[in-house]
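An overview of the molecular structure
Single-letter residue listing:
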Amino acid sequence: MAQSPGADTVKVNADTVAQKDLIDVARSILNIKPRKISYTEKKKVYFTILPISSSDGRSGGRALFTSTTAAVYLGDPETTNLSSFTFTPYFNLKGRYGLPIRSNIWLNNNQWNIVGDTRVLVYPQYTWGLGGNQSEDDRFLVNYRYLRFYQTVLKKIKPYFYAGIGYNLDYYMDIEDDGATNLHNFTNYNYGTSTGQDVLASGATVNLLYDTRKNSINPLPGAYANVVYRVNTRVLGSHNNWQSLYIDVRKYISLNNSGPKNVLAFWSYYWTSLTPGTPYLNLPSLGWEPYQRSGRGFVQNRYRGQRLAYFETEYRRDVTRNGLLGFVLFGNVNSVTEANSHNFVYWHPAGGGGLRFKFNKKSGTNISLDYGASKHYSAIYLNVGETF
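If you're wondering where the values come from, they're calculated on a predicted model, not measured in any experiment. (Residues numbered from 1 in each chain as written. Predicted model: local features only at pLDDT ≥ 70, side-chain atom pairs only at ≥ 80, totals over all residues. Heavy atoms only, no water.)

Quick notes on the overall build of the protein chain
Tallying secondary structure elements over the protein chain gives two helices and 18 strands in all. Long-range pairs, those at least 24 residues apart, make up 59% of the contacts in the protein chain with a sequence separation of at least 6. Just so you have it, the protein chain exposes about 17,500 Å², and 59% of that area is on carbon and sulfur atoms. (Helix = DSSP H or I, 4+ residues; strand = E, 2+ residues; numbered from the N terminus. Contact = heavy atoms within 4.5 Å. Areas by Shrake-Rupley, 256 points an atom, 1.4 Å probe, with all protein chains shown as cover.)

Structure (structure tokens):
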């Protein structure tokens, strides 16, 4: 899609068919006429609220959760990206519950981008140790409480390109074993695996961002690249000195210039620990990247290592011209390095498909219902917004 020089928005040809969402359907059924929006209300907040009980594709159990997404323009909509705030409290019937809050704020004319991720979790979860060749049955249940506080501030350097700094805090409390053995003996890893130990990782980050997407909730054709270099130090309270690097690249290609959405989306990330001393629970792990959306078709945390490589492709298509209903087809593959050789040896593929229901056409928010499967696992995933 063409991009006009000097502009901070991606131009997309408009479709003449009026868009429709589930709110319109409800209004039609209940015979409610929409209220006219005045010019002064252009900055109104668009809410998406989804309370539901479903299978938890990440852990394999049942879960009760409510996902609330608020989207608003904090500047001129022609030159400012849509800001989003997401609050997703949930309770897993296997004893897992959490209060995650995420924000992606764009100030007027995209001069500043402020990204936040705060979570309070109780998180019993299986781990399979390091490397990519463990048996499905060779697993260990580790329980802990978890506090995350990530904040990043980025300044526009030139159109689409940002640089900034941030602070990342991970605090793992009361790491417990399953009664039969302990995490250290199971993993043969020396950092952050002692029973009953608290693990604190506190570090500064250097961040680079390139983003031509107008709306991160439902990305239109464009590109995204994010680099995060993290330095954890005892000066900031970290129990160990260690460093990591995370590189995330995405590309969205429109296969038509007008009409129903017809998009190919590509996602790849590389996550590596750069030094010894990284706590076990901070090592790269499938499904634990910043937004916890990778690895559809795998249980979260299935593969962990010093380095992780991930690739995913998704085809997105509207079924109806009004955007109310759509579908996706996806495939992904991942690999982690082996504990001894530090090489990528085993590659694990998965694939699936899903439906998209337009919940709020003004913010572009979809309800996503996906089914993913790999060799030893399959699950249904229900989310608000696209996977990436």
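Structure shown, so let's carry the discussion forward.
Quick look at the packing of aromatic side chains
Think of a pair of aromatic rings as described by two things: how far the centres are apart, and how the planes are tilted against each other in angle. Summed over the entire model, instances satisfying the criterion amount to 23 aromatic pairs. Pairing Tyr 123 with Tyr 144 gives two aromatic rings, centres 6.4 Å apart and planes at 40 degrees, and the pair type is tilted. In this pair, Tyr 123 is assigned in the loop between strand E6 (112-122) and strand E7 (125-127) and Tyr 144 in strand E8 (residues 140-158), connecting sequence segments 21 residues apart. Of the two residues examined, Tyr 123 and Tyr 144, each falls in the buried class. (Phe/Tyr/Trp six-rings, centres within 6.5 Å; stacked < 30°, edge-to-face > 60°. Buried < 20%, exposed > 50% of the residue type's maximum accessible area, 1.4 Å probe, protein only.)

A word on empty space enclosed by the protein
One pass over the structure, following the stated rule, counts two cavities of 30 Å³ or more. Of the voids in this model, the second largest cavity is the one considered here, and its volume is about 40 Å³. Classifying every residue of the lining of the second largest cavity gives five nonpolar, no polar and one charged. (1 Å grid on protein atoms, 1.4 Å probe; cavity = no way out; pocket = protein on both sides within 12 Å on 5 of 7 lines; lining within 4 Å. Points joined across faces, edges and corners; volume = space filled by probe spheres on them. Nonpolar A, V, L, I, M, F, W, Y, C, P; charged D, E, K, R; others polar.)

A closer look at the pairing of strand E5 (residues 96-106)
In terms of burial, E5 is largely enclosed, as eight of its 11 residues are buried. Pairing between strand E3 (residues 83-87) and E5: four bridges, direction antiparallel. Each residue of the ladder has a partner; that of Ser 84, found in E5, is Asn 104. The pairing of strand E4 (residues 90-92) with E5 spans three bridges and is classified as antiparallel. Note on E5: the bridge partner recorded for Phe 91 is Tyr 97. Across 10 bridges, the pairing between E5 and E6 is antiparallel. Looking at E6, one finds that Trp 106 is bridged to Asn 113. Two successive antiparallel strands, E5 and E6, enclose a turn made up of five residues, where Asn 109 displays a positive phi of approximately 60 degrees. (Pairing = 2+ DSSP bridges.)

Details of the environment of Pro 349
The residue Pro 349 is located in strand E16 (residues 348-360) in this model. On a C-alpha basis, the gap between Pro 349 and Gly 297 in space is 8.6 Å, while along the polypeptide they are 52 residues apart. Beyond its immediate chain neighbours, meaning those up to four positions away, Pro 349 contacts Phe 298, Asn 332, Val 333 and Ser 374.

Describing the pairing of strand E11 (residues 222-232)
Consecutive side chains along a regular strand alternate between the two faces of the sheet. Sheet topology note: the strand E10 (residues 199-211)/E11 ladder contains nine bridges and is antiparallel. Within E11, the residue paired with Leu 209 across the bridge is Asn 226. Bridge count between E11 and strand E12 (residues 242-254): 11 bridges; the pairing is antiparallel. What sits directly across from Tyr 224, in E12, is Arg 250.

A short note on a nonpolar patch on the surface
A contiguous nonpolar patch, built from Leu 74, Phe 85, Leu 107, Trp 112 and Val 153 and spanning about 380 Å² of accessible area, is present on the exposed surface. With a relative accessible area of 38%, Val 153 lands in the partly exposed category. (Patch = residues over 30% accessible without salt bridge, like charges linked within 9 Å, V, L, I, M, F, W, Y side chains within 5 Å. Salt bridge = Lys/Arg side-chain N within 4 Å of Asp/Glu carboxyl O.)

Considerations on the pattern of salt bridges
Under the criterion given, the structure shown has 15 salt bridges. Residue Asp 174 is joined to Arg 145 by a salt bridge in which the shortest nitrogen-to-oxygen separation is 2.4 Å. Of this pair, Asp 174 sits in strand E9 (residues 161-176) while Arg 145 is found in strand E8, placing the two residues 29 residues apart along the sequence. A residue is classified by how much of its surface remains accessible, and Arg 145, at 40% relative accessible area, is partly exposed. A salt bridge links Arg 296 to Asp 370, with the shortest nitrogen-to-oxygen separation between them at 2.8 Å. Of this pair, Arg 296 sits in the loop between strand E13 (262-273) and strand E14 (307-318) while Asp 370 sits in strand E17 (residues 365-373), placing them 74 residues apart in sequence. Classification of Arg 296 by relative accessible area gives buried; the value is 0%. Asp 370 gets classed as buried once you look at its relative accessible area, which sits at 2%. Among the charged side chains, a salt-bridge network with shared partners connects Arg 296, Glu 312, Glu 314, Arg 316, Arg 356, Asp 370 and Glu 386.

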